[in-house]
Amino acid sequence: MRIGELSRVTDVPVATIKYYQREGLMPAGEYTSPNQVSYGEAHVSRIRLIRALVQVADLSIATIKQIVAIVDRPGVDLHDLLGKVQSTLPLGAEAGDAPTEADLAAVTDAVAARGWSVTAGHPALGVAASVIGTWRDLAQVDPATILGTYCAAAEMVATSDMDFLAQHELADDRMQVAVVGTALGDRLLSALRRVAHEDASLRRFGNAQPPPKEARRRRSSTPAKSGGDA
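The structure reproduced in this document is the subject of the present report. (Residues numbered from 1 in each chain as written. Predicted model: local features only at pLDDT ≥ 70, side-chain atom pairs only at ≥ 80, totals over all residues. Heavy atoms only, no water.)

This part takes up the overall build of the chain. For the chain, the count of helices and strands is 10 helices and two strands. Tracing the chain from N to C terminus, the helices and strands come up as α-α-β-β-α-α-α-α-α-α-α-α. Excluding contacts between residues fewer than 6 apart, the proportion of contacts in the chain whose partners are at least 24 apart in sequence is 56%. Summed over its atoms, the accessible surface of the chain is roughly 15500 Å², and 55% of this surface lies on carbon and sulfur atoms. (Helix = DSSP H or I, 4+ residues; strand = E, 2+ residues; numbered from the N terminus. Contact = heavy atoms within 4.5 Å. Areas by Shrake-Rupley, 256 points an atom, 1.4 Å probe, with all protein chains shown as cover.)

Structure (structure tokens):
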């Protein structure tokens, strides 16, 4: 297909596609004549990957450039790919204070209690420890007491992620799902946790009894009215 058709299929402007090419985010097309370039399904797939990482995962072009360089590197197995992608994606708390030894030990102990095999010095351990310290300072309650619960939930989600990934037989499909799943899974988990918070808060602290599940489902499927309709 020509670049105009590629633009129509992906719903991405031609100028944006050319920008992705200049940035090295996608492979060049195949020249069929001195003035004509042909594109295929691999280009469609790559553009959709880039758009998902930009629009939903809210990643910068610089970060996406690092990720696609990892994906395009020959000889990278899936486990290694996941590790490299995770080390590239922002964790969202790197700018916090350095964790204390006590908080880092609390996180490390909670991970060890689950029997996880984790690389020593994994950056997420330090971020988790920093979060624990900040949380304690603000809440005046030691959040380390719920680390076990968070670890159990994280393990269940991670296992489900790997089960989903295993359903894809083609190596290229697995690579793309691994990248998208890592970036978008964080957003999905955070969004659903906030939804669950509403229900849990109502049950624990609300004055009214929670509506039956069937009623809640109907209510969630009904579009909210604007303030002017009240």
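Given a rise of 1.5 Å per residue, 15 residues ought to cover 21 Å, and the 21 Å separating the end C-alpha atoms of helix α3 (residues 41-55) matches this to within 8%. Here α3 has its buried residues at His43, Val44, Arg46, Ile47, Leu49, Ile50, Ala52 and Leu53. (Expected span 1.5 Å × (residues − 1). Buried < 20%, exposed > 50% of the residue type's maximum accessible area, 1.4 Å probe, protein only.)

Here a ring pair, both rings aromatic, is described through the centre-centre distance and the interplanar angle of the planes. One pass over the structure, following the stated rule, counts two aromatic pairs. Ring geometry for Tyr19 and Tyr20: centres 6.1 Å apart, planes at 45 degrees, overall tilted. Tyr20 gets classed as buried once you look at its relative accessible area, which sits at 2%. When the centroid spacing of 6.3 Å and the interplanar angle of 85 degrees are considered together, the rings of Trp135 and Tyr150 count as edge-to-face. Of this pair, Trp135 sits in helix α7 (residues 123-139) while Tyr150 sits in helix α8 (residues 147-166), and the two are 15 residues apart along the sequence. The exposure class assigned to Tyr150 is partly exposed, which follows from its relative accessible area of 37%. (Phe/Tyr/Trp six-rings, centres within 6.5 Å; stacked < 30°, edge-to-face > 60°.)

On to the nonpolar core. Residues Leu6, Ile17, Leu53, Leu59, Ile64, Leu81 and Val179 are the most contacted members of the largest nonpolar core, which totals 31 residues. Breaking this core down by element, the ones donating at least two residues are α1 (3-10), α2 (14-22), α3, α4 (61-71), α5 (78-88) and α9 (171-205). Discounting residues that sit within four places of it in the chain, Leu53 has contacts with Asp58, Leu59, Ile64, Val179 and Ala183. Within the second largest apolar cluster, eight residues are counted, among which are Val111, Leu125, Ile132 and Leu147. (Core = buried A, V, L, I, M, F, W, Y, C linked by side-chain atoms within 4.5 Å.)

This brings us to the side chain of Thr63. Relative to the assigned elements, Thr63 resides in helix α4. In this view, Thr63 contacts Thr88 and Pro90; residues no more than four positions away in its chain are not counted.

When strand β1 (residues 30-33) meets strand β2 (residues 36-38), the two strands line up antiparallel, connected through three bridges. Bridging from a neighbouring strand, Tyr31 pairs with Val37 of β2. From the end of β1 to the start of β2, which pair antiparallel, there are two residues. (Pairing = 2+ DSSP bridges.)

Residue position: Leu125 is located in helix α7. Of the residues examined, Leu125 reaches a relative accessible area of 17% and is grouped as buried. As a C-alpha pair, Leu125 and Asp103 span 22 residues in sequence and 9.8 Å in three-dimensional space. Excluding residues that lie within four positions of it along the chain, Leu125 makes contacts with Leu104, Val107, Val111, Val118 and Thr119.

This paragraph deals with the pattern of salt bridges. The tally for this structure, following the rule as stated, stands at five salt bridges. Across the pair Asp103 and Arg136 runs a salt bridge whose closest N-O atoms are separated by 2.5 Å. Separated by 33 residues along the polypeptide, Asp103 in helix α6 (residues 101-113) and Arg136 in helix α7 bring together distant segments of the chain. Overall, the relative accessible area of 5% leaves Asp103 in the buried class. Here Glu155 makes a salt bridge to Arg114, at a shortest N to O gap of 3.1 Å. (Salt bridge = Lys/Arg side-chain N within 4 Å of Asp/Glu carboxyl O.)

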